[in-house]
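In case you want the letters, here they are:
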Amino acid sequence: MSNSIGDVLEPEVKDLGGFEARRILPHATRQMVGPFIFFDHLGPATFAPGQGMDVRPHPHINLATLTYLFEGVLLHSDSLKVVQEIHPGAVNWMTAGRGIVHSERTPNAVRSRERRLHGIQTWLALPSEQEETEPWFRHYPATDIPAWQDGGVEITLIAGQAYGRTSPVQTFSPMIYLDVQLPSGTQFTLPPDYSEQAVYSVTNGLSIDGEPLEPQRMIVLNPNQTVSISAKADARCIVVGGEPVGERHKWWNFVSSRLDRIEQAKADWKNGRFEQVPHETEFIPLPEEPLSRSEQPL
């Protein structure tokens, strides 16, 4: 195996009711890569007419969420009274900070016809000094996200800094988040710009330094290694990473550097002290017991 390859993380497959999500982070052997503490590969799924994704209102604290789609559309609604659709190539960034509640659903306008859904959802731990920041949400259309070609490879800088470019997405710590599409026979080089970096194989056909990758695997790279990622067929991968923000506690949808803060959030949700999402009548109740990775909602 290549000296550049560290941990190889296999996903835990979760049935979200009509489609599957492959959960890579947190993993039994690795909690985080840089600030990334949660990584879900959604779909690809095809919904029949009348069906769709419905993630009921639920709370978050001390983290940020980032939604990025390859196909389909989702409707974000939150306790800040934000309602925003997201389409492929755009970015929805939500900073939970001291606390926020949101839902994600297939818009009613598209439920009458068959449609696809495919994308990535991640959570990022906030630096400890910014965990209790005021919550905020921001949408970045696809036209604002840096994208370029290098040797036929299409690279999109979803968030952070890479290759001398900076994404407009506001972040809280140094990070890299790339969407890379490789036509058959192409390759690109990933420099060791961050202490922690990983490559997720969305599709088949990829190799790292000549080592073939199975699809839907996250390869955590060893530090200080420049790697070559190549494709023997049309392929796609995601690159995530950044600088560590320190150890974090995670329970259900709550992430914090302090256990007592998670206990407070549990009590606040159970007793209805979070702000609610306007026009939503449902919510996900607080679980009675600690959950496995596969049981946690988005």
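The rules we used
- Residues numbered from 1 in each chain as written.
- Predicted model: local features only at pLDDT ≥ 70, side-chain atom pairs only at ≥ 80, totals over all residues.
- Heavy atoms only, no water.
- Salt bridge = Lys/Arg side-chain N within 4 Å of Asp/Glu carboxyl O.
- Helix = DSSP H or I, 4+ residues; strand = E, 2+ residues; numbered from the N terminus.
- Buried < 20%, exposed > 50% of the residue type's maximum accessible area, 1.4 Å probe, protein only.
- Pairing = 2+ DSSP bridges.
- Core = buried A, V, L, I, M, F, W, Y, C linked by side-chain atoms within 4.5 Å.
- Polar contact = N/O pair within 3.5 Å; in protein donor to acceptor, adjacent residues only side chain to side chain.
- Contact = heavy atoms within 4.5 Å.

(A) View of the pattern of salt bridges. As enumerated under the stated definition, the model contains 18 salt bridges in all. When the shortest N-O distance is used, the salt bridge between Asp54 and Arg105 registers 2.9 Å. Here Arg105 lies in strand S10 (residues 100–105) and Asp54 lies in strand S5 (residues 54–60), a separation of 51 residues in the sequence. Residue Arg105 is classed as buried on the basis of its relative accessible area of 15%.

(B) The arrangement of the pairing of strand S14 (residues 153–162) in detail. Most of S14 is tucked away, with eight of its ten residues classed as buried. Where strand S13 (residues 147–150) and S14 come together, four bridges link them in antiparallel fashion. Each bridged residue has a counterpart across the sheet, and for Trp148 the counterpart in S14 is Ile155. Following S13, the chain reverses through two residues before pairing antiparallel with S14; Gly151 in that reversal takes a positive phi of roughly 60°. Sheet topology places S14 next to strand S16 (residues 175–182); six bridges connect them, and they run antiparallel. In the strand pairing of S16, Leu157 is matched with Leu178. Relative to strand S15 (residues 165–166), S14 is paired through two bridges, and the arrangement is antiparallel. Looking at S15, one finds that Gln161 is bridged to Thr166. Hairpin connection, S14 to S15: the antiparallel pair is bridged by two residues, and Tyr163 has positive phi, about 55°.

(C) Region of interest: the nonpolar core. By size, the foremost hydrophobic cluster in this structure holds 31 residues, and its most contacted members are Phe39, Leu66, Trp93, Tyr177, Met218 and Ile238. Of all hydrophobic cores here, the second largest spans 25 residues; its members include Val180, Ile208, Ile229 and Ala231.

(D) Layout of unusual backbone geometry. Cis geometry marks the peptide bond from Leu25 to Pro26, where omega comes out at -5°. As for its placement among the helices and strands, Pro26 is situated in the loop between strand S3 (20–25) and strand S4 (36–47). Geometrically, the link from Gly43 to Pro44 is a cis peptide bond, its omega value of 5° lying close to zero. Its location among the elements puts Pro44 in strand S4. Phi is positive for Asn62, which is not a glycine, with a value near 60°.

(E) Up close: the environment of Gly151. By the element assignment, Gly151 lies in the loop between S13 and S14. A relative accessible area of 65% means that Gly151 is categorised as exposed. Residues Gly151 and His58, 93 residues apart in the sequence, show an inter-C-alpha distance of 43 Å.

(F) Quick look at the side chain of Ser201. Looking at where Ser201 falls in the secondary structure, it is placed in strand S18 (residues 196–201). What makes Ser201 buried here is its relative accessible area of 1%. At 2.6 Å, the side chain of Ser201 and the backbone oxygen of Glu214 are in polar contact. When sequence neighbours within four positions are dropped, the list of residues in contact with Ser201 reads Leu206, Leu213, Glu214, Pro215, Gln216, Arg217, Arg236 and Cys237.

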